[in-house]
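Fold and geometry: a report
Letter by letter, the chains look like this.
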Amino acid sequence: MNYGLLWSKVLENIKMSVTSLIYTTWFENTKLYKIDGNIVTIIVPMDIHRKHITEKYLKDITDALYIETNQIYDINIILEDEITEQEKLSTPIVDNSNKEKEKIEYHHISNLNKNYTFENFVVGNSNKLAHATAMAVADSPGQTYNPLFIYGPSGLGKTHLMHAIGNYIEQNLNKKVLYVTSDQFIDDFSKISRFNETDNNYDYAEYFKNKYRSLDVLIIDDIQFLATAHKTQEEFFHTFNILYNDNKQIIISSDRSPNDLKSLEDRLKTRFCWGLTVDIYPPELELRKNILRKKIQTSNLLPNIDDDVIEYIAANMASDVRKLEGAINRLMAESLTMGYDKITLPIAVEALKSMINKGTSEKTNILRVQKVVADYYKISVDDMKSKKKSAVIVGARQIAMYLSREILSESFERIGLEFGGRDHSTVMYAYDKIKDELNIKYELKSALEKIKENII
Ligand code: ADP
Ligand code: MG
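This text gives an overview of the structure that appears in the document. (Residues numbered from 1 in each chain as written. Chains lettered and ligands numbered in written order. Predicted model: local features only at pLDDT ≥ 70, side-chain atom pairs only at ≥ 80, totals over all residues. Heavy atoms only, no water.)

1. Remarks on the overall build of the protein chain
Note the cut-off: For the purposes of this entry, the term helix denotes a DSSP run of H or I that reaches at least four residues, the term strand denotes a run of E that reaches at least two, and both are numbered from the N terminus. Each radius of gyration reported is based on C-alpha atoms, and the globular scaling rule is 2.2 Å times the count of residues to the power 0.38. In this scheme, a residue with accessible area under 20% of its type's maximum is buried, one over 50% is exposed, and one in between is partly exposed, where area comes from a 1.4 Å probe on protein chains only. By definition, residues are in contact when any of their heavy atoms lie within 4.5 Å. Under the convention used here, a 1.4 Å probe and the Shrake-Rupley method define accessible areas, while residue burial counts only the protein chains that appear. Note on charges: Lys and Arg go in the positive column, Asp and Glu in the negative column, and His and the chain ends are not counted at all. A charged residue contributes its charge at one atom only: NZ of Lys, CZ of Arg, CG of Asp or CD of Glu.
Helices and strands together make up the secondary structure of the protein chain, namely 21 helices and 10 strands. In terms of overall dimensions, the protein chain is more spread out than a globule: its C-alpha atoms have a radius of gyration of 31 Å, far above the 23 Å expected for 456 residues. Taking all 456 residues of the protein chain together, 49% fall into the buried category. Of the contacts formed within the protein chain by residues at least 6 apart in sequence, a portion of 75% connects residues at least 24 apart. Summing over all exposed atoms, the protein chain offers an accessible surface of approximately 22800 Å²; the carbon and sulfur share of this is 52%. Between the averaged position of the 58 positive side-chain charges in the protein chain and that of its 65 negative side-chain charges there is a distance of 6 Å.

2. A word on unusual backbone geometry
Cis peptide bonds are those with omega within 30 degrees of zero, and the linkage from Asn146 to Pro147 qualifies with -5°. Position of Pro147 relative to the elements: it lies in the loop between helix H6 (128–139) and strand E4 (148–151). Despite not being glycine, Asn111 shows a phi value in the positive range, around 65°. As for its position among the elements, Asn111 is in the loop between helix H5 (85–90) and H6. With a relative accessible area of 35%, Asn111 lands in the partly exposed category. For Asn247, which is not glycine, the phi dihedral falls at a positive 60°. Its location among the elements puts Asn247 in the loop between helix H10 (230–245) and strand E7 (249–254).

3. Overview of the sheet that holds strand E3 (residues 74–79)
Backbone hydrogen bonds are what pair the strands of a sheet, in a parallel or an antiparallel way. Here is the rule: Pairs of strands are assigned from DSSP output, requiring at least two bridges between the strands. Only the stretch in contact is used when a helix axis is fitted, and all axes are lines through C-alpha atoms; the angle between N-to-C directions ranges over 0 to 180 degrees.
Strand order in the open sheet made by the 3 strands is E1-E2-E3, with mixed pairing throughout. The two strands at the open ends of the sheet, each matched to only one other strand, are strand E1 (31–36) and E3. Along the sheet, successive strands turn relative to each other by an average axial angle of 25°, direction set aside. Where E1 meets strand E2 (residues 39–44), 5 bridges bridge the pair, whose relative direction is antiparallel. What sits directly across from Ile35, in E2, is Val40.

4. What to know about the nonpolar core
Going by this rule: Nonpolar cores were defined as sets of buried Ala, Val, Leu, Ile, Met, Phe, Trp, Tyr and Cys residues, with membership established by side-chain atoms within 4.5 Å.
Of all hydrophobic cores here, the largest spans 30 residues; its most connected members are Val373, Met384, Ile399, Leu403, Leu448 and Ile451. Counting only elements with at least two residues in this core, the list comes to helix H16 (362–376), helix H17 (381–385), helix H18 (391–408), helix H19 (412–418), helix H20 (424–440) and helix H21 (442–455). Of the residues forming this core, the biggest block, 9 residues, is contributed by H18. When residues no more than four places from it in sequence are discounted, the contact partners of Ile399 are Val373, Tyr377, Ile434, Leu444, Leu448 and Ile451. Core analysis: the second largest hydrophobic core is formed by 29 residues, Phe149, Tyr151, Ile192 and Ile252 among them.

5. Things to note about the layout of surface pockets
Cut-off, in case you're wondering: Using a grid of 1 Å spacing that covers the protein atoms alone, one calls a set of points a cavity when a 1.4 Å probe fits there but cannot get out, and a pocket when the set is open and has protein on both sides within 12 Å along at least five of seven lines; lining residues are those with an atom within 4 Å of a point. Grid points are joined across faces, edges and corners, and a volume is the space filled by probe spheres set on the points.
As a volume, the largest pocket reaches approximately 1100 Å³. Around the largest pocket sit 42 residues that line it, and Ser154, Asp222, Gln224, Phe225 and Asp255 are the ones nearest its centre. Counting only elements with at least two residues in the lining of the largest pocket, the list comes to helix H7 (158–173), helix H12 (285–299), helix H14 (321–338), H18 and H20. Sort the elements by how many residues they give to the lining of the largest pocket and H20 lands first, with 8 residues.

6. Side note on the pairing of strand E6 (residues 217–221)
Working note: regular strand, side chains alternate between the two faces of the sheet. Worth spelling out the cut-off: For crossovers, right-handed means that the path from the first strand over the helix to the second runs clockwise, given strands pointing away from the viewer.
Of all 5 residues in E6, 5 are buried, a share of seventy percent or more. The two faces of E6 match: Val217, Ile219 and Asp221 on one face and Leu218 and Ile220 on the other face are all buried. Two strands pair when backbone bridges link them, and strand E5 (residues 177–181) and E6 are joined in this way by 5 bridges, in the parallel orientation. Following the sheet pairing, Tyr179 is matched in E6 by Ile219. The pairing of E6 with E7 spans 4 bridges and is classified as parallel. Bridged to Leu218 within E7 is Ile250. Assessed by its sense of winding, the connection that carries the chain from E6 through H10 to E7 is right-handed.

7. Quick word on the packing of aromatic side chains
Put simply, the test is: To pair, rings of Phe, Tyr and Trp, with the six-membered ring standing in for Trp, must have centres within 6.5 Å; the planes then decide the type, stacked if under 30 degrees apart, edge-to-face if over 60, and tilted in the middle.
Counted according to the given criterion, the structure contains 19 aromatic pairs. Between Phe208 and Tyr212, the aromatic rings sit 4.8 Å apart at their centres with planes inclined by 40°, giving tilted as the arrangement. On the criterion of helical spacing, the pair formed by Phe208 and Tyr212 is a turn pair, its members being 4 residues apart in helix H9 (residues 204–212). We note that Phe208, like Tyr212, is buried.

8. Details of the pattern of salt bridges
Going by this rule: The working definition used for a salt bridge is a side-chain nitrogen of Lys or Arg within 4 Å of a carboxyl oxygen of Asp or Glu.
A full pass over the atoms with the stated rule returns 29 salt bridges. Here Lys114 and Glu170 are joined by a salt bridge, their closest N and O atoms 3.2 Å apart. Note that Lys114 is positioned in the loop between H5 and H6 and Glu170 in helix H7, a separation of 56 residues in sequence. Judged by relative accessible area, which is 25%, Glu170 ranks as partly exposed. Between Lys211 and Asp188 there is a salt bridge; the shortest N-O distance is 2.7 Å. One end of the pair, Lys211, is in helix H9; the other, Asp188, is in helix H8 (residues 182–197), with 23 residues separating them in the sequence.

9. As for the sheet that holds E6
Strand order in this open sheet of 5 strands is E5-E6-E7-E4-E8, and the pairing throughout is parallel. Looking at strand neighbours, the two that pair on one side only are E5 and strand E8 (276–279), the edges of this open sheet. Between one strand and the next, the sheet's axes are offset by a mean angle of 15°, whatever the strand orientation. Sheet contacts for H6: E4, E7 and E8; angle to E8, the most-contacted strand, approximately 145°.

What follows is the structure in structure tokens.
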């Protein structure tokens, strides 16, 4: 509530019920100091004001307050120098000129997605370490691995695991958990300066502190996006320190390891490595099948599915759990519209033909990307894997690396291997470069669209 504004309205009302002499003598220099429950404290210049108002005008004030707020308040009148030093520090003194910031009530919401739990997370070789550490953290937040840093390509279950930890802690330990993406963090932080520059009266700095510094568990997703936001990194650093020093749990995810977060401040990278860093790999064949079975079992909208359908999808959709889910959704839609009571292999092949990479297997996926890109730029795949540095070859190589990551969600390490044994940092560089260029180079964008059509 904006005290300055409220008080000026109250005074307007009082002005109408008393003479102007009375108003200027007794009310003009009053201020609303604070509202605590149903007690309104106002500041008056001298003791004589307190005495006189108490004797004669309390009702005018309560009435005027009632008109503005619809609430009946008790009035407490004090002098400026009766405010203790302590109180002055914690509560801003306000006056009629609306200068103070309005408090934004902060209602805590964890942002957790209840559908992401440990129960429906399927464990296999490629994610068992990440899963086990997530369970350990969920069991004793702030005590085992702090921070927990999970990284790997997209679509492999990082976000799912983080919500699972949060849900578990909230339900079993009754602690205050917050899930945010780094974009949300950046947005919350930028509101402080954005609103300070305008005439806005909201106290976002206070809101920010309430939101981030009173937590037991902070979960922050896709931290790689913080890399370009330098001011926010500074704030994140403080938030991190405050929570960490208080033994509060911090859980972070990223598409790459802390050391590979190139434009992140070193002091943050160092801190990210203080606890435990785990990576999550693309699911192996067995895990893909188990995930598909679990999704089918829990969907209860799907009719019977032949086991060879599961084999077929698992064999052809290699790297990304999100895509496996996409395939299941497609089959579900198909069976609903067509009214199938059983999904056989021919039905599945037909329904999924646009999603499955022309029958290629895991090994040849990157090769297929390389081939299509090489054809497009009229070079050979060998050139692409070679050490040659002509502009066309380098450009095509970087595009093929980018697409291997973007379309296939392959890890940077794996892509590096398939491009003549290059280091993962080279792939990462290419990925970031093409990603940036896509925003500004229109020709590149349309070239990539054509190439993609030929790959998928
Ligand atoms: P990331 O954050 O790594 O990009 P997500 O957590 O968003 O990936 O996962 C993508 C989708 O795949 C989500 O719907 C998630 O529930 C599902 N998923 C990922 N891994 C698993 C798993 N091991 N078991 C069940 N579902 C999974
Ligand atoms: Mg995610």
